[in-house]
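# Coordinates in review
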Amino acid sequence: MNRREFIKLSALLGAAGSAPWLLQACARTPGLSDLATAAPATTTPTVCNICFWACAGFVHQRDGVPWKIIGHPGDLHCEGRLCTRGTGGLGAYTDPDRLTTPLMRVERNGEQTFEPVSWDEALDFIAGRMREIRDAHGADRIASFSHGSGGEYFRHLLRAFGSDADAHPSYAQCRGPREAGFELTFGEGIGSPDRTDMANSRCIVLIGSHLGENLHNAQVQTFIQAIDRGATVIVVDPRFSVAAGKAHHWLPIKPGTDIALLLAWMNVIVTEGLYDVDYVQRHAYGFDSLAEHVRQFTPEWAYPETGIEPAVIRGTARAMAAAAPATVVHPGRHVTWYGDDTQRSRAIAILAALLGSWGRQGGFYIPDKVPVPSFPAPDYPEPKSTWRDVTKDKYPLAHDAVTNVLIEASQGEDAHYKAWFVYGTNLPITMPGARDMLKSAVEQLDLVVVVDVQPAEITGYADVILPECSYLERYDSLRNSPEREPSLALRMPAFDPVGDSKPAWWMAKQLAERLELGAYFPYEDYTEVLDWQLKQVGSSLEEMQKIGVKRFPRRQPLYFAAGETAAFRTPSGKIELYSHTLADHGHDPLPRYTRPQPVPDGFLRLNYGRVPAHTFGRTINNPYLYELMPENLVWVNPAVAADHGLEGGQYVRLKNQDGVVSGTERIRPDSVYLPHGYGHNANKLSLAHGRGADDSSLMTNVPIDPIMGGTGMRANFVTFVKEETA
Ligand SMILES: Nc1nc2c(c(=O)[nH]1)N[C@H]1C(S)=C(S)[C@@H](COP(=O)(O)OP(=O)(O)OC[C@H]3O[C@@H](n4cnc5c(=O)[nH]c(N)nc54)[C@H](O)[C@@H]3O)O[C@H]1N2
Ligand SMILES: Nc1nc2c(c(=O)[nH]1)N[C@H]1C(S)=C(S)[C@@H](COP(=O)(O)OP(=O)(O)OC[C@H]3O[C@@H](n4cnc5c(=O)[nH]c(N)nc54)[C@H](O)[C@@H]3O)O[C@H]1N2
Ligand code: SF4
Ligand SMILES: [Mo]
């Protein structure tokens, strides 16, 4: 098998496939003037919940019939355009498979099944079990797992109850290593939206980060504008991604060798004196150690590791330096790849420091948000133990509870956690190779509550399933993200909740009242909270119901001032090129490269990522988005296909290095890149069930990041098993 040929051929596939997706993704929606002339319709503001970019928009209905959702023209997250998925958001309301009533696990004729129950029955049962757990073990023995705004109401409830363990797969399975790597270096993480100043960049470097397939709305628009403006684009990706198709330099790197490339770039920038001398002298700590460290990592050293030619490494390093400080080396978002991910993120952060781009125009801006106070409530009790007590022996440098650690701490004889609350996260699909671990954890827990909108895989593990109404049928907390220009956005109901579904704030409040914690929810309706908060910052619910988005002035500058010596929240108060914190914890104080495990004979590396039409597994059953892409296609290069005797359009299964075969699903072979989120086995998802293959199930080799506990997902290899029934 010839690797170079593989890349060249898949490049052609990528280029052909890219343009229509991008066009479709960013189709222009009407502006305010168009709205004024449209046929009479009821219009309500919303914040999209189809992914976590949280674009603001308007829901239109005519005579009570859902019509369309469009982007808010005054919103920075979307600039008046929703992406394909956001436009299809109405499917979250119309999906006939939705959960519409509370369900409880019961035994009937020796078999376990779910039965519809009233809200009172469901909530009384949960509160009763929580009391029993508190009396027998302590109130700190409940773990929660959440993704999305509704998670905060349960977090508030559980903090009031005496438990603070809330983990997010969007940390340990996603952004965690970059937050840890940047915090160690600059004393601050990246946050969401990513604080990259691509709007003003003259050079953009993407390492993975498949913008265009990764469809975070305004980020993709800004990227396209930067390309139109003539910014130099450098894409490092073993696959010819959509972004690579737009790049000046595509560096088809050998998977897992990015740290070698980053060290070689630093070598060129330091040895050729291309770094920002004033910035580094003013702000950074440990430059001499860094310079000494990178001296050995020449482009010639990196060539056999990465497959990238020395001249290309030098040329791209010089291009970055020429545009600096308006050069952004994108920190990526999903970065749990090979288990050495915090160190790769550290290398990116250090490179940004050498280029002087942190806190500078075209690099990374300083985010700001609206100073909205929390609604008054009593202080939380001190929990008997915290998530840190549970995580600290393993990952003292993690800044958030680590999902996999909380799951581990829920099984075995000395299991710490006795109950789980799971809000809006589908752990069996989200946690790589974790189904056995999940199963044994769940088997011994005393209580598992799942709050979801659809009968996803995770609901099958629950004792009680609480049906949330969709984002189009509820109020939620204000969107107030740290960003370039502070703004608030309102999500409000466009429709009445379907069936007996309810918003999460209501569920948490009802439980609080049953647990004598009603004082923590001192309101009848969430609109009281919103109106009070808005009035503290000079607006009101009434105003926001009309305008949807309100912008506020910044309270601090967007960039460091010229000549300013900024203070950093690191132990030294400086940018830490050399990290004593890491050294003190037994980790490399400067990023070190380790060669990835080689691909075994007869196998291919399992690569995975996003497709524009879907968000993880949460949209596959959305009737509108399902139609766009009902199955995932595996990208196979023709030479590989010929090697394995495969034909285009043929259905295959994938088998990994441990002999795990992707279920009964069928995949059409075009390459070995597999879009994530398919292969649902929850049989109540009538569209998604059994369609496509699940990447998570093939991830049985999961190297863990020693610094923050993230689960590396790109250390698995697959081969093909032909589907006989095709
Ligand atoms: N449409 C859509 N958009 C989304 C989402 C979605 O579900 N759907 N999810 C959102 C979320 S939560 C996140 S975190 C982001 C994730 O999106 P990104 O942060 O962009 O994810 P990555 O894993 O960086 O990108 C995958 C790319 O990495 C490449 N790659 C694989 N191995 C390597 C390697 O060893 N080195 C390098 N340099 N590249 C490699 C792959 O070929 C692929 O092109 O997307 C967001 N946007
Ligand atoms: N194998 C593999 N694993 C991955 C990834 C990958 O690419 N491959 N990507 C990783 C990344 S980047 C991330 S961020 C995580 C994300 O993983 P998760 O946090 O699990 O996110 P989703 O897959 O979107 O799961 C969402 C769940 O929320 C439910 N839901 C949707 N809307 C609502 C709502 O309004 N209310 C409630 N209560 N529930 C709702 C859906 O039905 C679904 O069950 O996965 C990570 N895991
Ligand atoms: S990027 Fe798309 S799916 Fe995500 S919030 Fe915006 S419109 Fe919704
Ligand atoms: Mo993510």
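As the structure is a computational prediction, the values presented were derived from the model and not from experiment. (Residues numbered from 1 in each chain as written. Chains lettered and ligands numbered in written order. Predicted model: local features only at pLDDT ≥ 70, side-chain atom pairs only at ≥ 80, totals over all residues. Heavy atoms only, no water.)

## A look at the layout of surface pockets
Of the pockets and cavities examined, the second largest pocket occupies roughly 550 Å³. Phe 114, Thr 459, Gly 460, Asn 683 and Lys 684 are, among the 23 residues lining the second largest pocket, the residues nearest its centre. Where the lining of the second largest pocket is concerned, the elements lending two or more residues are β4 (103–108) and β5 (111–116). Ranked by residue count, the leading element in the lining of the second largest pocket is β5, at three residues. Along the lines of polarity and charge, the residues of the lining of the second largest pocket split into nine nonpolar, eight polar and six charged. (1 Å grid on protein atoms, 1.4 Å probe; cavity = no way out; pocket = protein on both sides within 12 Å on 5 of 7 lines; lining within 4 Å. Points joined across faces, edges and corners; volume = space filled by probe spheres on them. Helix = DSSP H or I, 4+ residues; strand = E, 2+ residues; numbered from the N terminus. Nonpolar A, V, L, I, M, F, W, Y, C, P; charged D, E, K, R; others polar.)

## A short note on the site of ligand 1
By nearness alone, 30 residues border ligand 1, and Asp 237, Asp 258, Tyr 338, His 614 and Arg 714 come closest of all. At a separation of 3.4 Å, a nitrogen atom of ligand 1 approaches a polar side-chain atom of Arg 85. Here Ser 209 contributes a backbone N or O atom positioned 2.8 Å from an oxygen atom of ligand 1. Summarising the interface, the protein chains cover 98% of the accessible area of ligand 1, which totals 920 Å² for the free molecule. Split into classes, the residues belonging to the shell around ligand 1 amount to twelve nonpolar, ten polar and eight charged. (Near = heavy atom within 4 Å. Polar contact = N/O pair within 3.5 Å; in protein donor to acceptor, adjacent residues only side chain to side chain. Areas by Shrake-Rupley, 256 points an atom, 1.4 Å probe, with all protein chains shown as cover.)

## A few points about the packing of aromatic side chains
Overall, the coordinates contain 24 aromatic pairs when judged by the stated rule. Ring plane angle 55 degrees and centroid distance 4.6 Å describe the contact between Phe 297 and Trp 301, whose orientation is recorded as tilted. For Phe 297, a relative accessible area of 10% gives the class buried. For Trp 301, a relative accessible area of 26% corresponds to the partly exposed category. Here the aromatic cluster, defined as three or more aromatic residues joined through ring pairs, consists of Tyr 153, Phe 375, Trp 505, Phe 521, Tyr 523, Tyr 526 and Trp 532. Between Lys 68 and the ring centre of Trp 67, over which it is positioned, the NZ or CZ distance is 4.2 Å. (Phe/Tyr/Trp six-rings, centres within 6.5 Å; stacked < 30°, edge-to-face > 60°. Buried < 20%, exposed > 50% of the residue type's maximum accessible area, 1.4 Å probe, protein only. Lys NZ or Arg CZ within 6 Å of the ring centre and 35° of its normal.)

## Structural notes on empty space enclosed by the protein
Across all of its chains, the model carries five cavities of 30 Å³ or more by this definition. When its volume is computed, the largest cavity comes out at roughly 90 Å³. Lining the largest cavity, in full, are Cys 48, Ile 50, Cys 51, Trp 53, Ala 54, Cys 55, Leu 82, Cys 83, Arg 85, Gly 86, Leu 215 and Asn 217. Taken together, the residues of the lining of the largest cavity break down into nine nonpolar, two polar and one charged.

## Thoughts on the site of ligand 3
Taken together, Cys 48, Ile 50, Cys 51, Trp 53, Ala 54, Cys 55, Leu 82, Cys 83, Arg 85, Gly 86, Leu 215 and Asn 217 are the residues near ligand 3. Judged by the proximity of its atoms to the pocket grid, ligand 3 belongs to the largest cavity. Partitioning the shell around ligand 3 into residue classes produces nine nonpolar, two polar and one charged. (Sits in = over half its atoms within 2 Å of the grid points.)

## Observations regarding the nonpolar core
Core analysis: the largest hydrophobic core is formed by 72 residues, its most contacted members being Phe 186, Ile 207, Trp 265, Met 320, Leu 351, Leu 354 and Trp 358. Among the elements that take part in this core, helix α10 (residues 258–271) stands out by supplying eleven residues, more than any other. In contact with Met 320, not counting residues within four places along its chain, are Cys 203, Val 205, Ile 234, Trp 265, Thr 327, Val 329, Leu 351 and Leu 355. The next biggest cluster of nonpolar side chains, apart from the first, holds 51 residues, and it includes Leu 158, Phe 161, Leu 447 and Leu 515. (Core = buried A, V, L, I, M, F, W, Y, C linked by side-chain atoms within 4.5 Å. Contact = heavy atoms within 4.5 Å.)

## So, the sheet that holds strand β14 (residues 447–452)
In space, the seven strands of this open sheet follow the order β5-β4-β15-β14-β13-β6-β7, with mixed pairing throughout. Here the strands that pair on one side only, and so sit at the sheet edges, are β5 and β7 (165–167). The average angle at which neighbouring strand axes cross in this sheet is 25 degrees, direction not considered. Inspection of the sheet shows strand β6 (residues 142–146) paired to strand β13 (residues 419–423) by five bridges, in the parallel sense. Across the sheet, the residue bridging to Ala 143 is Trp 420, located in β13. (Pairing = 2+ DSSP bridges. Axes fitted to C-alpha atoms, helices over the stretch in contact; angles between N-to-C directions.)

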